[in-house]
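Read off the chains here:
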Amino acid sequence: SQANFEEDSQKQPAVGHWKTLMPSKGSKEETETGCQDAGGVDETQSTEQLNVSRLRSSSVEIREKGSEFLKEELHKAQKELKLKDKECERLSKVREQLEQELEELTASLFEEAHKMVREANTKQAASEKQLREARGKIDMLQAEVTALKTLVITSTPSSPNRELHPQLQSPSKAVFRKGHGRNKSTSSAMVSAASQNVTAEPVSRECKEVDSILFAEFQAWKESPTLDKSCSFLDRIYREDVGPCLDFTKQELSELVRVAVEQNTLTIEPVASQTLPVVKVSAEECSGPKKCALSGLSRTCKHRIMLGDSGNYYYISPSCRARITAVCNFFTYIRYIQQGLVRQDVELMYWEVMRLRREMSLAKLGFYPSEM
């Protein structure tokens, strides 16, 4: 085969001696047509590829733009949602605050209404109590004014009322002048010493002489009547009559009794024989019906006293009651003078004061009627 190859190579012309062969017309047209066909196919393919790439790039761009748009919308929605959450939270707080204020306002209104009702009830109770006290005082004053009118009208120096002046009656017909059973600073009057001696002898008319010093003091006090014990008239009576008459064994209770008599807040009432009232404090403090709270002695106590509105009762013996009522009668009379209820001559008022002082002196010495 190598030999054949060499032979063939020797038969062929040498390089560089190729002749240019002109193609024929038909072959040239075929070549151009083939080239044109090949070029058109390539151009179509490249155009399609370009269109596909453009489509791909446009779809990617659309996707990217769509995702960006959606992200922006989502971000806006999130912001709006946060704002709405904050607004809802603020409105919730406002609602809670309004509900709390409404509850507090309702509670305060109810409390104010209850307070007003309580105050109204308290004022009504106080008004009713004052009305009852005023009616009681009016009744008491009317009774005292009636008694005072009787004293002024029916008892004169020329024609004295023997019922109001028991010392002018005969010993066999002597009676005791009784006061109210339960009136503040008033009680029954004391009988004179002459009425204690029951004799058949006629009663001699007693002689009286005005003491110039005492009468001058009384006149000075009558010019401007007062209950202040610093004036000479009342200062003497306090030292000589009121003080000794209200000087009991129980000093502390005696002082309370004196203050109650001065303030016109002392109440004396009889003790019921069937059922004894309940004592609101201990028996040792107020004593019992068989022991006097002022003297501390074992006595049958027919009366009891109450100081002001304390509600505490103290049982007293007849002798202590006589001493207290004698002082109460004196203060009642000088109060009448101070209030302008006594329409008498100055000398007649002076002798009535002296009579009341004599009652206090007799009571201090232990003289009292058996009816006490």
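Residues numbered from 1 in each chain as written. Predicted model: local features only at pLDDT ≥ 70, side-chain atom pairs only at ≥ 80, totals over all residues. Heavy atoms only, no water.

The name given to the protein chain in an unreviewed UniProt entry is R3GEF factor, with the source organism recorded as Chionis minor. The record held by UniProt for the protein chain lists under Sequence similarities (unreviewed entry) the comment "Belongs to the SEC2 family." (UniProt positions renumbered as here; feature names shortened; annotations may be inferred.)

A. Main features of the pattern of salt bridges. In total, this model carries twelve salt bridges according to the counting rule given. A salt bridge links Asp-235 to Arg-239, with the shortest nitrogen-to-oxygen separation between them at 3.1 Å. With a gap of four residues between them, Asp-235 and Arg-239 both fall in helix H4 (residues 232-245), about one helical turn apart. Looking at Asp-235, the relative accessible area reads 31%, which means it is partly exposed. The partner of Arg-236 in a salt bridge is Glu-240, with the nearest N and O atoms 3.3 Å apart. Of this pair, Arg-236 and Glu-240 both sit in helix H4, four residues apart, roughly one helical turn. On the accessibility criterion, Glu-240 (38% relative accessible area) is partly exposed. (Salt bridge = Lys/Arg side-chain N within 4 Å of Asp/Glu carboxyl O. Helix = DSSP H or I, 4+ residues; strand = E, 2+ residues; numbered from the N terminus. Buried < 20%, exposed > 50% of the residue type's maximum accessible area, 1.4 Å probe, protein only.)

B. Highlighting the confidence of the model for the protein chain. Looking at the protein chain, the pLDDT average stands at 76 and 69% of residues meet or exceed 70. Of all the helices and strands in the protein chain, helix H6 (residues 283-286) carries the lowest mean pLDDT, 44, while H4 carries the highest, 94. Segment residues 167-203 is flagged for pLDDT under 50; beyond a separation of four residues in sequence, or across chains, it makes 89 contacts in the model. This stretch, residues 274-285, has a pLDDT under 50; its non-local contacts, to residues over four places away or in other chains, come to 15 contacts. (pLDDT = per-residue confidence, 0-100. Contact = heavy atoms within 4.5 Å.)

C. Looking closely at the nonpolar core. Val-242, Leu-266, Leu-294, Ile-305, Ile-324 and Phe-330 are the most contacted members of the largest nonpolar core, which has 49 residues in total. When residues of this core are traced back to their parent elements, those giving at least two are helix H3 (212-223), H4, helix H5 (251-262), strand S1 (266-270), strand S2 (303-307), strand S3 (313-316), helix H7 (318-338) and helix H8 (346-365). Element by element, the count of residues in this core is highest for H7, at eleven residues. What Leu-294 contacts, discounting residues up to four positions off in sequence, is Phe-248, Thr-249, Lys-250, Leu-253, Ser-254, Val-257, Ile-316, Cys-320 and Ile-324. (Core = buried A, V, L, I, M, F, W, Y, C linked by side-chain atoms within 4.5 Å.)

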